[in-house]
Amino acid sequence: MKLRLHVHHVRTGGWCADIDDDNDRQPDDPYWCVDRWPTLESALAAGCAELAKLVTSTDLPRLSGTYEPALAA
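What comes next is a walk through the structure.

## As for the nonpolar core
Here comes step 1: Ala-17, Ile-19, Tyr-31, Trp-32, Val-34, Trp-37, Ala-43, Ala-46, Leu-51 and Leu-54 together form the largest nonpolar core, which totals ten residues.
Here comes step 2: Contributions of two or more residues to this core are made by β2 (15-21), β3 (32-37) and α1 (40-56).

This is the structure we're talking about:
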């Protein structure tokens, strides 16, 4: 499986970061997705950290949500 991190600007404000299987992209069902990051850098950092966890995992759960400052710490 080839996982990829995709970060893009959201029209309503902020940034969205999602991780999905490059061979079977399912926009409505990513492995990980969090939107409304305040900066591109924070979205990239969080996405890279989550991608590192997924690469070493044998069980790939799917998770999505919205950025909340308490979660960034």
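Past the structure itself, the notes keep going.
## Examining the side chain of Asp-18
Here comes step 1: Relative to the assigned elements, Asp-18 resides in strand β2.
Here comes step 2: Despite its burial, Asp-18 pairs with no opposite charge, the nearest such side chain being Arg-4 at 5.1 Å.
Here comes step 3: When residues no more than four places from it in sequence are discounted, the contact partners of Asp-18 are Arg-4, Leu-5, His-6, His-8, Pro-30, Trp-32 and Cys-33.

## A word on the pairing of strand β1 (residues 3-9)
Here comes step 1: With seven bridges connecting them, β1 and β2 associate as antiparallel partners. Note on β2: the bridge partner recorded for Leu-3 is Asp-21.
Here comes step 2: Linkage of β1 to β2, two consecutive antiparallel strands, is achieved through a turn of five residues, within which Gly-13 is found at a positive phi near 120°.

## Structural notes on the environment of Cys-16
Here comes step 1: With respect to the helices, strands and loops of the structure, Cys-16 is situated in strand β2.
Here comes step 2: Owing to a relative accessible area of 7%, Cys-16 belongs among the buried residues under this scheme.
Here comes step 3: Apart from the residues lying within four places of it in its own chain, the contact partners of Cys-16 are His-6, Val-7, His-8, Val-10, Cys-33, Val-34 and Asp-35.

## A look at the pattern of salt bridges
Here comes step 1: A complete count under the given rule lists one salt bridge for this structure.
Here comes step 2: A salt bridge links Lys-53 to Glu-50, with the shortest nitrogen-to-oxygen separation between them at 3.4 Å. Of this pair, Lys-53 and Glu-50 both sit in helix α1, three residues apart, roughly one helical turn.
Here comes step 3: Look at Lys-53 and you get exposed, because its relative accessible area is 53%.
Here comes step 4: Take Glu-50: its relative accessible area is 17%, and that puts it in the buried class.

## Some points on the state of the cysteines
Here comes step 1: Going through the model one piece at a time under the given rule, you end up with zero disulfides.
Here comes step 2: This cysteine, Cys-16, is not joined by any disulfide, and Cys-33 carries the nearest cysteine sulfur, 3.7 Å off.

About the thresholds
For every chain, the first residue of the written sequence is number 1, and numbering continues from 1 onward in sequence order. Note on the predicted model: pLDDT of at least 70 is required for a residue's local features to be given, and 80 or more for side-chain atom pairs to be given and counted; whole-chain, interface and lining totals, by contrast, use all residues. For the side-chain quantities, the full set of heavy atoms in the structure was used; hydrogens and water were omitted. Residues belong to one nonpolar core when they are buried, are Ala, Val, Leu, Ile, Met, Phe, Trp, Tyr or Cys, and are joined through side-chain atoms within 4.5 Å. Under the scheme applied here, a residue whose accessible area is under 20% of the maximum for its type counts as buried, over 50% as exposed, and between as partly exposed, the area being computed with a 1.4 Å probe on protein chains only. Under the scheme used here, helices are H or I runs from DSSP no shorter than 4 residues and strands are E runs no shorter than 2 residues, and both carry numbers assigned from the N terminus. Just so you know, the count uses Lys and Arg for positive and Asp and Glu for negative, and it drops His and the chain ends. Within this document, salt bridges are pairs made up of a side-chain nitrogen of Lys or Arg and a carboxyl oxygen of Asp or Glu, the two lying within 4 Å of each other. Contacts were defined at the residue level, with two residues in contact if any of their heavy atoms lie within 4.5 Å. Paired strands, as defined in this entry, are two strands with at least two bridges between them according to DSSP. Any two cysteine sulfur atoms within 2.5 Å of one another count as a disulfide.

So yeah, pure geometry; function would need other evidence.
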